[in-house]
Every structure is written in C-alpha cells, then in structure tokens.
Amino acid sequence: MKTIKTQVFFIVLSGIIASSLIIGGLGIFWSNTAVKRDSIQILDLMAQVQTQGLDSMFSEVEQASITISHYASENLSSVVILQDEERFAKYLAHMESISFYVAQCTNSAIAVYVRFVPEMVGKNGSFLWHKKDGVFVQESLDDFHLSADSDNDLYRIAKMSGKGVWTKPYYNESLKEYVISYGVPVYKNGNFVAVVGMDIDFDDIASLINSITIYDTGYAFLTDENFRVVYHRSIPADTPVFGEKNNFKLLPQDDVNSEFYEYKRKNKTFRMLSKNLVNGMRLVVSVPANEIDRSRTRLIYSLAFSVIIISLVVSLWSVWLSEKFTRPLKKLSMYARNIIAGDYDVEFDFSSTDEVGELISNFSFMAKSLKRQFEYINGLVYLDAMTGAKNKRAFIDERNDLNKRIKDNPSRLEFTVIVFDVNNLKYTNDNFGHKAGDILIKNACNLIMKNFSSSSVFRVGGDEFVAIVTEKDYQNRVELLLKMKGEMDDSKGEVSIAYGMADYDSEKDSDFQSVFEHADAEMYKTKVAMKGGRENVR
C-alpha cells in the first residue's frame, strides 16, 4: 500500500520532472533562436561600424573632389580663358590655392591634382599637391598619369564616364605609393575642361582592414562588387571569393540588411557577411561559426545542465525542495517577462550559489548587456550626423532635466550657458557653395568642442550651437572662451564665431530659458560688434 507521502512524492516528482523537461526544452529552443538571431545582429553591427569608418574616409575624398570641381567650374567664366595664357595663369593660380586648402582639410588624401584639357592649355595646364611628411608640397604633373591604355588612367576614366569614379588600387610610379584614386570631370557650359583627382594611400586602408578583429580569429577583407578579392591578408588580389567551391550557402536573414553566407574550409564551418562601401567595393568579414555560436552553445548547455541537476535533486528531496525551487523559478519567470517587456533595470533580489542562482546571474548579465546595447543605439539618435555634436533633441532633454533640477534644488546648481553663432555662413554658401558652408560649420563645431571638451555641446540650428558648461570647464569658462577667441584670431577669418555667455544665478533665474536668453542676448551684442555695429545681422 502506498502512503499519501509516497503518492505525493511520486506525483510531485513526476510533475517536476515533466515540467523541467518541457520548460527546459522550450527554454533551449527559444534561447537557441534568440541567441542565434542576436549573434547575427551583433556581427552585422560590428561590420556596420567598420563600414562606416571606411565610408567616412571615401566620402571625405569624394566631397573634397566635388568641392574642387565645383570651384573649377564656377570660377571659370568662359572656356575661352583656357586659351588666353595670361588669364588662364591667374585662374590656375587661384585653383592651386583652393585645392591646397581643401587638401589640408581632407585627412584621408595624400595627393590632389587637376589636369585641364591638353588640347586647350598645353602641357603646363595642370598641377599636383602631394603630401610629404604631413605637409602638402607642389610637384610636376608631366609624367604623373599612366599610359592611355591603363585601367587606372584617372583622366581617361573620368572623362569617359562623365561622372565621379573610383579606380582600382594601383601602384603610382610618380608618387612611389600604392593608392586608390577618385576622379571628377569638370564641365563648363557642357564642354569638358578638366579632371579633378584625389588619392588615398591604400596602405592606410590595408592597415585598417588588418586591424579589424571579429570575435577571436575572425578577420576582414575587401572585394569588388563581383566578389573578386581587392585586398586579403593571404589570398592574392583578383581571386574570385566563390571560386574555391567551398560550399557557399546564402543564409536568408530578415533581421539584417546584409548578405550572410556559410561555407566550409579545411573541414571547418565559417560564416561570412558583406557590406557595400560607397566606392563600389565590399567589406567582407569572415568568422568561424563555433565562435559566433559560443554563447548560444554555453546557454544551451547551461539550461540543459540545470534541468538535469534539478531533476536529480528533486528525486531525493522533492517534497522539501519543491517550494524552495518553485519560488525562485517563479521569480525568474517574472524577471524574464519584465526583460521581454523592456524593463532592463530588473532588481534580482534572490541570492543563491546553486544552479538557479547561476541562471539568475546569467539573466542579470544578459539584462545589463541588452541595456548597454540599447543605450548605445539610443545614443546615436541624439547626435548631429554632420558635426558629431549633440542634436536639438538632446538639447531639449538636457534643458528639461536642468529645469527639474532648478525646481528641486536651485541653490546647489552651477552651470553656464554659452550661445554660439557661426559668422559668414550665408556669404560662404552664396560664393563658394554649400559644400564649403558645411566645412565651415564642421570647423566651427570642432573648435567649440575642442575648447569645451568636458561640456555638452549641442547644434540647435543650421549655424547655431549651445554649450552647457559644467564641472572642470565651468571653473575655467572665461579662460577657455578667451583661448577659443585667440584660435579664431589665429585662423585669420577662416572661422569666425559670435558668442554670448551667461552664468546661472539661483536668485535671478527661475528656469533654464532665463539663462539661455541672457546668453543669447550677449551673443547678439557680440555679433553686432563683430559686424562693425550693424543691426539686423541675423
């Protein structure tokens, strides 16, 4: 005859074993799905970050070349000037100066050159600026280009394409460097007159590619749009990526905007993801599959191990331990629901050294990791894409936070508001184009952020910036402002910024807007003075 205790024991034991198997199986299944999806997204994010770094380098050169070509066309009043030796000499000298200035502002470039149509200007109608030891020097362009039948003759390629084009990497005999070039044709009234070219040291690109590490042994390389190798640390250039018959398989992914492949090499499975670059190349990252799946494998093993241990322990002390293990598991389920609902600040108030405690610790770590990832993504929303300063949305949030702090404890707050307004932006846009205006805004923002490096700097309008000065910068705010003014003076008018500063006074200022308006009024006074006392300077 079975006692009630025995019946309860077996009922509880059977129920717990069955529940453990079901819950564990579902947990393994869903964890496997979720971690696999997250690992792919993490790999895609890693590749995206590296792609943005390369694209910024290429885009900088493209924008600089287009800016020079725009100047070349706009400052050429007529094609006839090209055949007037005296007028062309003045025009060419002006273009040399403009190109030198743009080259200095383009960190990625090692050479910039302009070649005018030889049939119109002869052999002397070109110039070249080449960076040596960090300084651009002018050199002869007579023998600079390759032969006319070369695939990398930038003049011929740009002229034939009629638009900006990138060359393949090649060794430039004149520069004695391995480069990749971007060329833009220049037209005046429909007539082809010149090509503007700019070079990037391909060794810099190769060094950047070699420095990319994905997981433990993953690496990156470059291909063209047809997946032929452009740069690889061990595979020769122009080798087809898919030519080795490594059982490449395209994996469909709805969560990432990338081509995701799986292939085998030397009996080892790899996963490969590619990203398109703005110059037509592809950045490809390749990682052993076991490194990507490591966290998933560990989680599966951890869940499976926990189910087995719990089942064994409960088989001996099912009645006594059922309540002990049911309570934390219920809490763990509640924590999981909170995490799924988006609450990543879950307080795990259960402490234990057993498997359940280990599982809770893993959930806690997972919640913190997810929170950090979402905070990073949210941080991108608060940045101004062009300047890297915080945007107006971030400014509004900071203003609301300061208003709350002023209301709660006004006497303990110390901060200063400085309003900046970039001078001559309209003049620059009207006379040199919006590309030059963008460069002016970037240079002005860099100057502000450089001097107020410990403070929050916001771009609140096209040419308007606000710095909320606190902590170390607050103590030195006057000196920092004077230092910035000195650097503006040293630039000889290249960067001119009107500014106004106001300190928060708890006895006079009831909210942030009051301080801001005082600073804005001071800025306006400064702007009037900088404009020679003229009103309506805005």
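Heads up: the structure comes first, above all this text.
Let me begin by describing the structure that accompanies this report.

### Here's the deal with the sheet that holds strand E11 (residues 259-265)
In space, the 6 strands of this open sheet follow the order E9-E8-E13-E12-E11-E10, with antiparallel pairing throughout. In this open sheet, the two strands that pair with only one neighbour each are strand E9 (229-231) and strand E10 (249-251). For this sheet, the mean angle separating the axes of adjacent strands, direction not counted, is 35°. Across 2 bridges, strand E8 (residues 219-223) lies against E9 in antiparallel orientation. Each residue of the ladder has a partner; that of Thr 223, found in E9, is Val 229.

### A look at the pattern of salt bridges
Counted by the stated rule, this structure contains 14 salt bridges. Note that Lys 132 is salt-bridged to Glu 139, the shortest N-O span being 2.6 Å. Its salt-bridge partner being Asp 238, residue Arg 228 comes within 3.2 Å of it at the nearest N-O pair. With a gap of 10 residues between them, Arg 228 in the loop between E8 and E9 and Asp 238 in the loop between E9 and E10 connect regions that are remote in the sequence. For Asp 238, a relative accessible area of 45% puts it in the partly exposed group. Members of the salt-bridge network, linked through shared partners, are Lys 450, Lys 483 and Glu 487.

### Digging into helix H5 (residues 202-211)
Burial in H5 covers these residues: Phe 202, Ile 205, Ala 206 and Ile 209. All buried residues of H5 project into a common sector of 100° when viewed along the axis, lining one side. The N-cap residue of H5 is Asp 201: its side-chain oxygen and the backbone nitrogen of Asp 203 are 2.9 Å apart.

### A closer look at the sheet that holds strand E15 (residues 456-459)
Here we have 4 strands laid out as an open sheet, ordered E15-E16-E14-E17, and antiparallel in their pairing. Edge positions in the sheet fall to E15 and strand E17 (497-503), since each has one partner strand and no second. Averaged over neighbouring strand pairs, the angle between their axes works out to 15° when direction is ignored. As paired strands, E15 and strand E16 (residues 464-469) are joined by 4 bridges and run antiparallel to one another. Opposite Arg 459, over in E16, you have Phe 465 as the bridge partner. Its contacts with the sheet put helix H9 (residues 392-408) on E15 and E16, and the angle it makes with E15 is roughly 130°.

### Notes on helix H11 (residues 434-451)
For H11, which comprises 18 residues, the first-to-last C-alpha distance of 26 Å matches the rise-based estimate of 26 Å (1.5 Å per residue) to within 8%. The set of residues buried in H11 consists of Ala 436, Gly 437, Leu 440, Ile 441, Ala 444, Cys 445, Leu 447, Ile 448 and Asn 451.

### Overview of the nonpolar core
Core analysis: the biggest nonpolar cluster contains 60 residues, and Phe 116, Ile 205, Ile 209 and Leu 222 have the highest contact counts within it. The element contributing the most residues to this core is helix H1 (residues 4-74), with 11 residues. Those residues within four positions of Ile 209 in sequence are excluded, and the remaining contacts are Leu 54, Ala 220, Phe 221, Leu 222, Tyr 231, Arg 233 and Leu 283. Counting 24 residues, the second-largest nonpolar core is a separate cluster that includes Ile 418, Ala 444, Ile 448 and Val 457.

So, how was this worked out
Residues numbered from 1 in each chain as written. Predicted model: local features only at pLDDT ≥ 70, side-chain atom pairs only at ≥ 80, totals over all residues. Heavy atoms only, no water. Pairing = 2+ DSSP bridges. Helix = DSSP H or I, 4+ residues; strand = E, 2+ residues; numbered from the N terminus. Axes fitted to C-alpha atoms, helices over the stretch in contact; angles between N-to-C directions. Salt bridge = Lys/Arg side-chain N within 4 Å of Asp/Glu carboxyl O. Buried < 20%, exposed > 50% of the residue type's maximum accessible area, 1.4 Å probe, protein only. Arc of directions from axis to C-beta. Polar contact = N/O pair within 3.5 Å; in protein donor to acceptor, adjacent residues only side chain to side chain. Contact = heavy atoms within 4.5 Å. Expected span 1.5 Å × (residues − 1). Core = buried A, V, L, I, M, F, W, Y, C linked by side-chain atoms within 4.5 Å.

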